[in-house]
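# Analysis of the macromolecular model
The residues making up each chain are set out below.
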Amino acid sequence: MLRYTLNRFKWAIITLWAVITLTFIIMHTIPGNPFAKEGAMPPAVYENLQVHYGLDKPLLTQYGNYLLEVVQFDFGPSLKSSSISVNDYILKGFPVSLHLGAQALVIAIFFGLILGVVASLKRNKWPDYLSMIIAIVGISVPNFILATILINYFAIKWNIFPVATWATWQHTILPSIALSMMPLAFIARLMRTSMLEVMGQDYILTAKAKGLKRSGVIIKHAIRNALLPIITILGILTANIVTGSFIIERIFGIPGMGDMFVKGISNRDYPVILGSTIVYSAVLILLIFIVDIAYTLIDPRIKVTGEKK
Amino acid sequence: MKKSKFSVLALLMAIMLMLAACNGGSKETSNEKEGGSGDSSGSKVLNVNNSSEPGSLHPANAQGTHESWILEHTFEGLTKKTEEGKIVPGSAESWEISEDGLTWTFKLKDGLKWSNGDPLTANDFEYAWKYALKPETAADYAYQLYYLKGGEAYNSKKGKEEDVGVKATDEHTLVVTLEQPTPYFLDLTSFYTFYPINKKVQEENPKWALDAKTHVSNGPFKLTEWKHKESLKIEKNENYYDKDKIKLDAVNFALIEDENTAWQMYQSGELDIAYPLPVDVQGQLVNSGDKEFKNGAELAVYYYNFNTEVKPFNNAKVRKALSMAINRKEITENVAQGGQKPAFGVVPPGIPDATGDFQENTGDLFEENAAEAKKLLKEGLAEEGMKELPEFSILYNTLDSHKKIAEAVQGMWRDNLGVEVTLENAEFQVKLDREKAGDFEISRAGWVGDYVDPMTFMLWETDGAYNDAGWSNKEYDSLLKEAKSTMEPKERMTALHKAEEVMIEEMPILPVYFYTKPYMVKSNVTGVYAPINAYPNFIYADKK
């Protein structure tokens, strides 16, 4: 297990390095200049900015310097904002994005599982149809539309929650719901399919034949086994939620990392693009890593021999 | 068994509540931000939205509107502007201009203080301007100080700091020497790059502007709280000389980027001012007669660049034909929908002429006429040895409103001239790059004037920094030169009127409309006004 973990860790680092290098190359190849403005900037002003941010040096030197800084967890300054460094951006924004994502995920898992289980147990009856209608709405209605609807009713018309910003726990409810609908629907559908499959398995029939209570069979045998595919996708789902809340963060004025990435790209703010890419990649790599380990723990059939293949 | 089922449910619910509680516990309550005056103590607090995190609240490093709105309320330059746009003394009490227009002597008011209580002297102005020009500062707007003698030389490392034309001769006197006569220099002194900075504070702590605790300013308000990416707060500055006229106790700035969200916050009462407004909301409000709706003038023009170095757009007749074949009124009323004014010139209304308003005196410099346009297009193409327009596109930066306008223009050219144009969108930075490289046929552009003078819209000088059309005309150049050489208003304005006429006659750009500044103010808020070249100002606002 230790060897497996260490090996996976090594590959995680290599992947991260590859991401940094590729992003660095792409960033300097795409058209657009961080200092471009309407009208040409006087050459002296442009030159001063280049010198100030070290962009006058050869690309290889810039790359080397950047790697050295990253190793020391220094992601540099933002080219567009001297008031906040990339480190500040991350330290401030990441916990917020993580909080929003975690809250959305808890809602998604909790209600998604309930809907999926209920749908499978009441197959082709109204609870099934209702659950699946909710699931279809969750998947097909984009979260920014849902967010607008939620704001319109819960904030403006009924005045139950505030419209936007991230000051109190009330502020977190609407964005969490908006963000959770898609994964909730996804989990519900997957859980339903998985449950139906498991419920038809021989060991369930055996358990029933042995005279076990229906609720016991469902909870102890069916749900537990049906959870496996959910756990498999949970890593990616978590990463998607934590890193994919750009629009929700923007609509609700949440000071997370979402806008940092989007604005970084549109402003050609190199340190911001690199910093956010590194954080997002690290989150993804970490979650995939955790899921791999969790998988081996949950399903004893999967052994940690994969690395020898 | 049932018990365990419920315990799982209970556990999950508990986790959710814990997550919610964790967040809520550490933060302040929302009462302060929501509705009314907000504060239980009865103090007057205005709630506005700044659209984005300010890049810097240091006058030398600020780059645009997200900074300027806050700086304009926390700092004050030598001059300031009234609601009517009149330039009045700010930190300066009076000034004298030498006959040749090159030497300006400002006398500062007595007893001026910084928000930390330090005395403010002319040295702080000299220091600030030179600091912005220092190459190591790498200030974006350093070129705003190129009007000073030796300013450009110092910024481009060709000159010395001591040769820059600004000198505090004593604590109250600032002597400014300019490179050339600049009648609008007074206007510039109210711009944020010309604000003073506290020399002592800057030298002791170069990072003073990054934190509300160390931020020091000289304006009606002072920065007291800055939660990065969330909000910031300014409070009345007790050390401001005119503090008795300031009625607000504090202003909260939310930092919400999404215009729709900000608008919803205004509707729910969480904001007192909504600016900018979403385009479709503007459309609904313009003719609604809503008492909270205001539509101020804006010092800006929306236009299309022709790449005059590409055939057949090198031909003035072709350019004029395209310009005459669109219906600007239809665009402003049905597409832009912000009460904008169709542009038949390039200088927007609201700029004083020698007498009256410059734009009103100019009138319309051309007409829309589809039949005439068709004829001109044919002639122009023939002159270039062409029968029809080759494939060409309108390049615009990705934004829904630009797309809609481009689509409208596309349709009008199709209907009126039988011409097909494709639309091409690009990110803003990419569009700028392509314009600089001349890699376009027609590109969308806009220009917001830096100061209230027609000169700020005279962008098409040969090799001028903003001349993306690549147009060159000797008469235009010499008229601008003439205007720059004199301080005599009538002579200047005549030259500038002529220059605008010459430019529009050849039409290297296609003017579309003059911007407006639509915004909403709650009816219990008074004293908010929108200067032509700034965001709505609430220095003297009051809230009931």
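Residues numbered from 1 in each chain as written. Chains lettered and ligands numbered in written order. Predicted model: local features only at pLDDT ≥ 70, side-chain atom pairs only at ≥ 80, totals over all residues. Heavy atoms only, no water.

Each partner contributes residues to the interface: chain B has 62 residues there, and chain A has 59 residues. Carbon and sulfur atoms make up 59% of the area that chain B and chain A hide from each other, which totals about 5,400 Å². Where chain B meets chain A, there are five salt bridges. Two residues, K263 of chain A and E257 of chain B, come together in a salt bridge whose shortest N-O distance is 2.8 Å. At the boundary of chain B and chain A, one finds 15 residue pairs in polar contact (both at pLDDT 80 or more). Going through the elements one at a time, α1 (2-26), α7 (259-267), α14 (428-436) and β16 (442-448) of chain B are the ones with two or more residues in the side of chain B that touches chain A. Ranked by residues supplied to the side of chain B that touches chain A, first place goes to α1 of chain B with ten residues. Residue composition of the side of chain B that touches chain A, by class: 26 nonpolar, 18 polar and 18 charged. (Contact = heavy atoms within 4.5 Å. Buried area = accessible area lost by both parts, 1.4 Å probe. Salt bridge = Lys/Arg side-chain N within 4 Å of Asp/Glu carboxyl O. Polar contact = N/O pair within 3.5 Å; in protein donor to acceptor, adjacent residues only side chain to side chain. Helix = DSSP H or I, 4+ residues; strand = E, 2+ residues; numbered from the N terminus. Nonpolar A, V, L, I, M, F, W, Y, C, P; charged D, E, K, R; others polar.)

According to the stated counting rule, one finds 42 aromatic pairs over all chains in the structure shown. Between the aromatic rings of F35 of chain A and Y53 of chain A, the centroid separation amounts to 5.9 Å while the plane-to-plane angle is 25°, which identifies the pairing as stacked. Of this pair, F35 of chain A sits in the loop between α1 (2-29) and α2 (43-52) while Y53 of chain A sits in the loop between α2 and α3 (59-71); the two residues are 18 residues apart in sequence, bridging distant segments of the chain. Overall, the relative accessible area of 4% leaves F35 of chain A in the buried class. The exposure class of Y53 of chain A is partly exposed, given its relative accessible area of 22%. One aromatic cluster is present, formed by W69, F253, Y275, Y519, Y535 and F538 of chain B through successive ring pairs. Seen from the ring of Y302 of chain B, R444 of chain B lies directly overhead, with NZ or CZ sitting 5.1 Å from the centre. (Phe/Tyr/Trp six-rings, centres within 6.5 Å; stacked < 30°, edge-to-face > 60°. Buried < 20%, exposed > 50% of the residue type's maximum accessible area, 1.4 Å probe, protein only. Lys NZ or Arg CZ within 6 Å of the ring centre and 35° of its normal.)

The subject of this paragraph is the UniProt feature "transmembrane region" (unreviewed entry) in chain A. Residue and element names in this part refer to chain A. UniProt's entry tags residues 12-30, 100-121, 133-156, 168-191, 226-252 and 272-298 with the feature "transmembrane region" (unreviewed entry), counted in the numbering of this structure. Span residues 12-30 is 95% helix and 0% strand, its end C-alpha atoms 27 Å apart. The annotated region residues 100-121 carries 100% helix and 0% strand content, and the separation between its end C-alpha atoms amounts to 32 Å. (UniProt positions renumbered as here; feature names shortened; annotations may be inferred.)

Residue and element names in this part refer to chain B. Strand order in the open sheet formed by four strands is β4-β5-β7-β6, and the pairing between neighbours is antiparallel. Of all the strands in the sheet, the pair left with one neighbour each is β4 (92-97) and β6 (166-170). Pairwise comparison of adjacent strand axes, ignoring direction, gives a mean angle of 20° for this sheet. Bridge count for strand β5 (residues 103-108) against strand β7 (residues 173-177) is five bridges, and the pairing is antiparallel. Its bridge partner being in β7, W104 is matched across the sheet by V176. (Pairing = 2+ DSSP bridges. Axes fitted to C-alpha atoms, helices over the stretch in contact; angles between N-to-C directions.)

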